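Breakdown of the fold
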Amino acid sequence: MNQFPFTKSEVITNLINFSQHELHNYTSNRNFDYGAPHHNVSKISPYLRRRFISENEVLGVVLKDHKFNNIEKFIEEIFWRTYWKGWLESHPWIYDEYNAYDEDQSIPKKTGIKCFDHWKEELLDTGYLHNHSRMWFASIWIFTLGYSWQSGANFFKNNLLDYCPASNTLGWRWVAGLQTIGKPYIAQADNIKFFTNARFYPRNQLKENYILNDKNITNGKPINFNRYEENIFNKNENLGVIINNNDLSLHQLLNEKELVYDCCLFSTNNKNILIDNFEKKIFEDIRKEDQSIIPVYNFQDIYKWLKEKNIKNLILPHETVGNKIFNKNEFLKKITNLDVNFTFYLREWDANAFPHATKGFFNFKKQIYNLLNRTNI
């Protein structure tokens, strides 16, 4: 079984197998890193990040096999990604401050910390790390090696298959004690020994005592999340949709509404060969499933496609903080001049959840059951 298959049918098959054979033990096993291929976790994140498969689809699969109360922890993990995106929408300056940091940290080939060196190589080789190992890795990076959290976030950004601006930025800030202010996550050797089943035990190698000076740290007051998009699904004349890494299944919503549309898939090359190959392969699967989808690689290709198809109403995936592709003056001015109406379509999943994501996850967690009730699962 491929750890990260390239077709949606295989992704769903793997998810069904995980649901039927592993999910009942998820709550007790999820924090253990037993090593690749990590059978005790779903490994669905690279696909959810791109919405190659949607949150609704994932939960629709697992809730066929389990009751909500029996897999509540797994459902919470699905909502964590939504929460991070929603929180960053209400605190966009946090990402701007991180994004302004442009210095990468050179990583020693060997630190002498066996677990850290192993995780570094696993990430470079596979594009993936178990979530608990990401926390340990980030903590060692910051508190033991003394590197900046921003450079660590950049390292993950450049190498993770499931890189998400919100999850990555805020996850590193959480470890650093900036997200939940004054409460850094300090990696402990005994904890690593236990949750790696004694594969690693960095005894006397980690700085396990750290006091954060948090007197002047603040995340600022959250701004309200405003849903500004105009829904033009009902304008079914000369309708077009562009899918990209922000939402690779947006066109399926149009299929459900039985609308006629033209669709193109926007893709660009990645510097990371592993990530680039992964995306090209899943793009191939999308086009294999629907051969009418046209590939485009730059704005000029899009302008040409809009003219050739005579598209007048265009639907684009909503762009959250850190995911800006089309929400740029140059692009929007050009398509407006082409007499094209456009909307950045926000999925109901996000629209319902984001307003509740302005504070800590504990407050957001109280809304999960109600949010699920508002879906069509």
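One can find the structure itself at the top, above this paragraph.
Quick word on helix α15 (residues 329–337)
Along an α-helix, residues three or four apart share an orientation, since each turn contains 3.6 residues. Taken as a whole, α15 has its buried residues at F331, L332 and I335. Viewed along the axis of α15, the buried residues span an arc of 95°, placing them on a single side of the element. For α15, the exposed residues set more than 90 degrees away from the buried face come down to N329, E330, K333 and N337. On the buried face of α15, the contacting elements are α14 (299–308), β4 (313–317) and β5 (341–345). Phi turns positive, to about 65°, at D339, one or two residues after α15.

Observations concerning the sheet that holds strand β3 (residues 294–296)
On the basis of which strands lie adjacent, the open sheet formed by five strands has the order β3-β2-β1-β4-β5 and parallel pairing. Both edges of this open sheet fall to β3 and β5, since each of them pairs with a single strand only. With strand direction ignored, the average angle separating the axes of adjacent strands in the sheet is 25°. Note: β4 against β5, five bridges, orientation parallel. Of the residues in β5, the one forming a bridge with L316 is F344. In this fold α14 packs onto β1 (239–243), β2 (262–266), β3 and β4, with an angle of close to 175° to the strand it touches most, β2.

A few points about helix α6 (residues 92–99)
Those residues of α6 that fall on the buried side of the exposure criterion are I94, Y95 and Y98. All buried residues of α6 project into a common sector of 95° when viewed along the axis, lining one side. In α6, the exposed residues that point more than 90 degrees away from the buried face are D96 and E97.

Considering the pairing of β1
Burial analysis of β1 places five of its five residues in the buried class, which makes it a mostly covered element. In β1, alternate side chains face the same way, and those of L239, V241 and I243 on one face and G240 and I242 on the other are all buried. Of the pairings in the sheet, the one linking β1 to β2 comprises four bridges and is parallel in character. Pairing of I243 across the sheet is with L265, part of β2. Once you follow β1 into helix α12 (residues 250–256) and on to β2, the crossover reads as right-handed.

Quick notes on the packing of helix α7 (residues 114–126) against helix α8 (residues 131–144)
One can describe the packing of α7 onto α8 by two numbers: an axis separation of 10 Å at closest approach and a directional angle of 115°. You can see that α7 and α8 cross each other, and the crossing is left-handed. In contact with C115, F116, W119 and K120 of α7, α8 contributes S133, W136, F137, I140 and W141. Taken together, the residues of the contact of α7 with α8 sort by class into seven nonpolar, one polar and one charged.

Regarding the environment of Q188
With respect to the secondary-structure elements, Q188 resides in the loop between α10 (165–176) and α11 (189–195). Note: C-alpha distance between Q188 and R173 (15 residues apart in sequence) is 18 Å. Non-local contacts of Q188, meaning those with residues more than four positions away in its chain, are made with L206 and E208.

Considerations on the side chain of R50
Topologically, R50 is positioned in helix α3 (residues 45–50). One polar contact links the side chain of R50 to the main-chain carbonyl oxygen of L161, over a distance of 2.7 Å.

Rules used in this analysis
Per chain, residue numbering runs from 1 following the sequence as it is written. Residue-level local features of this predicted model are given only where pLDDT is at least 70; pairs of side-chain atoms are given and counted only at 80 or more, and the full residue set underlies all totals for whole chains, interfaces and linings. Heavy atoms throughout the structure, all of them, feed into the side-chain values; hydrogens and water do not. The cut-offs for exposure are 20% and 50% of the maximum accessible area for each residue type, with area from a 1.4 Å probe on protein chains only; residues under the lower value are buried, those over the upper are exposed, and the others partly exposed. Numbering goes from the N terminus for both helices and strands, where a helix is a DSSP run of H or I of at least four residues and a strand is a run of E of at least two. To be clear, the arc concerns the directions from the helix axis to the C-beta atoms. Throughout, a contact is declared for two residues whenever any of their heavy atoms are within 4.5 Å. A pair of strands counts as paired when DSSP detects no fewer than two bridges linking them. Angles shown run from 0 to 180 degrees and are taken between the N-to-C directions of axes, each axis being a line fitted to C-alpha atoms and, for helices, limited to the stretch in contact. Clockwise travel from the first strand over the helix to the second, with the strands pointing away from the viewer, marks a crossover as right-handed. Crossing handedness is read from the near helix: turned anticlockwise from the far helix by less than a right angle, it gives a left-handed crossing, and turned clockwise, a right-handed one. Residues were grouped as follows: Ala, Val, Leu, Ile, Met, Phe, Trp, Tyr, Cys and Pro as nonpolar; Asp, Glu, Lys and Arg as charged; and all remaining residues, including Gly, as polar. Any pair of nitrogen or oxygen atoms within 3.5 Å is treated as a polar contact; in protein, a donor-acceptor pairing is required on top of that, and neighbouring residues in sequence qualify only through side-chain atoms on both sides.

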